Amino acid sequence: MVFGGLALVVADILAPPVALGETWLLRLLEPDSYFTNQSINGFLSRLVLESDRTIPIARHAFDPATVGVIATILFGLVTFLVLLGDRKALGTRRGLALGIAMALVAASIGAPKNSFWNQALALPAIGLLIAAEAPDLKFGRFGRLDRALLVGWWVGSCVQLVLWIQPLPKDGLTAPLTTLAGSTALYGMVALWGLLVRRLRACGLGGPHSVSRAGRSGSSCRRGR
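Nothing here was measured: the structure is a model prediction, and the numbers come from that model. (Residues numbered from 1 in each chain as written. Predicted model: local features only at pLDDT ≥ 70, side-chain atom pairs only at ≥ 80, totals over all residues. Heavy atoms only, no water.)

### Some words on unusual backbone geometry
Rule in force here: The helix count covers DSSP runs of H or I at least four residues long, the strand count covers runs of E at least two residues long, and both are numbered beginning at the N terminus.
The phi torsion at histidine 60 lies on the positive side, around 55°, for a residue other than glycine. Positive phi, close to 60°, is recorded for leucine 137, a residue that is not glycine. For leucine 137, the location among the structural elements is in the loop between helix 7 (122-133) and helix 8 (144-165).

### Quick look at the pattern of salt bridges
Put simply, the test is: A pairing counts as a salt bridge when a side-chain nitrogen of Lys or Arg comes within 4 Å of a carboxyl oxygen of Asp or Glu. Buried means the residue's accessible area, taken with a 1.4 Å probe over protein chains only, is under 20% of the maximum for its type, while exposed means over 50%, and partly exposed covers the values in between.
With the rule as written, the count across this model stands at 6 salt bridges. The partner of aspartate 146 in a salt bridge is arginine 199, with the nearest N and O atoms 3.2 Å apart. You can see aspartate 146 sitting in helix 8 and its partner arginine 199 sitting in helix 10 (residues 184-206), a full 53 residues away along the chain. We classify aspartate 146 as buried; its relative accessible area is 1%. Among the residues examined, arginine 199 registers a relative accessible area of 2% and is labelled buried.

### Regarding empty space enclosed by the protein
If a probe the size of a water molecule is rolled over the atoms, the empty space left behind becomes visible. The criterion, for reference: Cavities and pockets are found on a 1 Å grid laid over the protein atoms alone: a cavity is a set of points where a 1.4 Å probe fits but cannot escape, a pocket is an open set with protein on both sides within 12 Å along at least five of seven lines, and a lining residue has an atom within 4 Å of such a point. Grid points are joined across faces, edges and corners, and a volume is the space filled by probe spheres set on the points. Lys, Arg, Asp and Glu make up the charged group, whereas Ala, Val, Leu, Ile, Met, Phe, Trp, Tyr, Cys and Pro make up the nonpolar group; the residues left over, Gly among them, are polar.
Overall, the coordinates contain 1 cavity of 30 Å³ or more when judged by the stated rule. Of the pockets and cavities examined, the largest cavity occupies roughly 70 Å³. Around the largest cavity, the lining residues are Phe35, Arg53, Thr54, Leu163, Pro167, Leu168, Thr178, Ala181 and Gly182. Considering only residue class, the lining of the largest cavity consists of 5 nonpolar, 3 polar and 1 charged.

### What about the packing of helix 4 (residues 40-48) against helix 5 (residues 64-85)?
Under the convention used in this document: Here an axis means a line fitted to C-alpha atoms, over the contact stretch when the element is a helix, while the angle between two N-to-C directions is reported on a 0 to 180 degree scale. Crossings are assigned a handedness: left-handed for a near helix turned anticlockwise from the far helix by less than a right angle, right-handed for a clockwise turn. Contacts between residues were defined by any pair of non-hydrogen atoms, one from each residue, lying within 4.5 Å.
The geometry of helix 4 relative to helix 5 is characterised by a closest axis approach of 9 Å and an angle of 145° between their N-to-C directions. The chirality of how helix 4 crosses helix 5 is right-handed. Residue-level contacts link Ile40, Leu44, Ser45 and Val48 of helix 4 to Pro64, Val67, Gly68, Ala71, Thr72 and Phe75 of helix 5. Along the lines of polarity and charge, the residues of the contact of helix 4 with helix 5 split into 7 nonpolar, 3 polar and no charged.

Next up, the structure:
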């Protein structure tokens, strides 16, 4: 799903503008600094463009549309390489669940323009993570770093909701902090993506037919560190 969307974006960029005209895909790639755009596009746009709640840290330092496309493609490529490198783990039910969860989170991070509601994609991803790694809800199976990343996702989403209701001051000495804080939900999703990468790689390192601590065959997950 993630890479199919990226392929469409690339095709739209490379196609002759005269033949395409101003298509909806091209408009999706335009900068969008609005507060609810919790994507790579939104983060980069807020760094260089003013929004209703933030002022830029480096005004017009770069073209957020071009840099955003490049960053999104690179992020998609990294996600693809992780899935490709752990393709044996994807042959197990647990590894497949983690791979799908990671793709959902990556889609939310890389979408050119989204909103805070797109963070709902994290909910099925979290459900797949729990079903795969802690079906008994014993989160002690996760390592310290894994738990920190999971908490990071939760905190990022909660802080974004609070800032939605009560924005920080736009001007003054704290203006750069306000601009950076405008992407807390994105930071949380990146933390969740990192957690899923770690768990999927742990599956691959454990071998495709090993038995997990939960006692299920066909799993290859190890406890994170």
